[in-house]
Every structure is written in structure tokens, then in C-alpha cells.
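# Structure assessment
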Amino acid sequence: MGDEFSHSQRLKAAIHFTVARCCEEVGQDCEKNFSKLAIAAISETTFKQCDIFAKDLEAFARHAKRTTVTVEDVKLAARRSASLANYIVQKSEELTSNTKEQKERRKKLTGKRKSGDSLPAAAAEGDDSSMAGDQNALG
């Protein structure tokens, strides 16, 4: 129980830190300041909303007799906010597209290896530029 409390406190602190940074950035753009009390209220609201969101996702997966939360569960949970739902759909499509591209590249590469073709010179020399592109697509 103590470990769960500690984890929760660390998570709350991380959310508070992130909210404070966001408020600072927004405040600079709008030439406004956020009080510490306002930042604390936004942080607590964010934490509680994330908890509700997590419980909803768990319930959606359980209702579908799954143990894994899927993108469809996330889309369903975001349905009440049109802007959030649109954003999640857009990101989901981007991730799906990137995943398909990566699978096609791997399939081509393994197909070349199986057919006896040698790797391109850059790959043979250990050039990681294509790997960096893959990592940038994920982050």
C-alpha cells in the first residue's frame, strides 16, 4: 500500500510540474500570470480526469472481454470532446501510417536478404541514419 501511495505522489508531482510549465508557456504567450493556487487546481483536476479516463479505458476493454486497451477504446473515451477526439483520430492515423511504412521497409529489407542481395553499402558499414529516422517518427 505504501508503494502505491508513493507512486501516486510521484505521479501527482510530475503532473504538477508539467502543468506549471504549460501555464508558464501559455502565460508568456498571453502576457498573463498564473497563481500557484490556480496551477495547483489545474494539476489536481488533470490528475482526477486522468484517473477517470484510465478507469473508463479499463471498463471498455473489460466490456469487450479484452485485457488490452486499444486505440478504439481511447477514441471512445474521448468522444465527449470533439477537439480531443479529432486529435486522437489524427494521431492514430499517423501512427498507423508510420507503422505500415516501417513494416514495408522491413519486408523489403528481409526480402533482399533472403534473395541473396547484399545490403546497401551504408547499411553494411553500420550507418544508423535510417534507424534515426525511425526513432524520430516515433517520438
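Right, let's walk through the structure included here. These numbers were taken from a predicted model, which means no experiment stands behind them. (Residues numbered from 1 in each chain as written. Predicted model: local features only at pLDDT ≥ 70, side-chain atom pairs only at ≥ 80, totals over all residues. Heavy atoms only, no water.)

### Section: the packing of helix 1 (residues 2-30) against helix 2 (residues 36-63)
- Taken N-terminus to C-terminus, the directions of helix 1 and helix 2 make an angle of 125 degrees; their axes are 9 Å apart at the nearest point. Overall, the two elements helix 1 and helix 2 adopt an arrangement that is oblique. For the element pair helix 1 and helix 2, the recorded crossing hand is right-handed. From helix 1, S8, L11, K12, I15, H16, V19, A20 and C23 reach across to helix 2, where they touch I39, A40, I42, S43, E44, T46 and F47.
- Grouping the constituent residues of the contact of helix 1 with helix 2 by class yields 9 nonpolar, 4 polar and 2 charged. (Axes fitted to C-alpha atoms, helices over the stretch in contact; angles between N-to-C directions. Helix = DSSP H or I, 4+ residues; strand = E, 2+ residues; numbered from the N terminus. Parallel < 35°, antiparallel > 145°, perpendicular 65-115°, else oblique. Left-handed = near helix turned anticlockwise from the far one by under 90°. Contact = heavy atoms within 4.5 Å. Nonpolar A, V, L, I, M, F, W, Y, C, P; charged D, E, K, R; others polar.)

### Quick look at unusual backbone geometry
- Positive phi values are uncommon outside glycine, yet E31 reaches one of about 55 degrees.
- Relative to the assigned elements, E31 resides in the loop between helix 1 and helix 2.
- Positioned with a positive phi, K65 is a non-glycine residue whose angle comes to about 60 degrees.
- Tracing the sequence through the fold places K65 in the loop between helix 2 and helix 3 (71-77).
- Overall, the relative accessible area of 74% leaves K65 in the exposed class. (Buried < 20%, exposed > 50% of the residue type's maximum accessible area, 1.4 Å probe, protein only.)

### Examining the pattern of salt bridges
- Scanning the entire structure with this criterion turns up 6 salt bridges.
- R21 serves as the salt-bridge partner of E24, at 3.6 Å between the closest nitrogen and oxygen. Here E24 pairs with R21, and both are found in helix 1, just 3 residues apart, close to one helical turn.
- E24 sits in the partly exposed class, given a relative accessible area of 41%.
- Overall, R21 belongs to the partly exposed group, its relative accessible area being 41%. (Salt bridge = Lys/Arg side-chain N within 4 Å of Asp/Glu carboxyl O.)

### Looking at the environment of A85
- In this structure, A85 sits in helix 4 (residues 82-114).
- Residues A85 and K75, 10 residues apart in the sequence, show an inter-C-alpha distance of 6.1 Å.

### Some thoughts on the state of the cysteines
- The tally for this structure, following the rule as stated, stands at 0 disulfides.
- Between C22, a free cysteine, and C23, which holds the nearest cysteine sulfur, the sulfur-to-sulfur gap is 7.0 Å. (Disulfide = S-S within 2.5 Å.)

### Some thoughts on a nonpolar patch on the surface
- Together, V26, F34 and I42 line one region of the surface with nonpolar side chains, adding up to about 220 Å² of accessible area.
- Along the polypeptide, F34 turns up in the loop between helix 1 and helix 2.
- The exposure class of F34 is partly exposed, given its relative accessible area of 34%. (Patch = residues over 30% accessible without salt bridge, like charges linked within 9 Å, V, L, I, M, F, W, Y side chains within 5 Å. Areas by Shrake-Rupley, 256 points an atom, 1.4 Å probe, with all protein chains shown as cover.)

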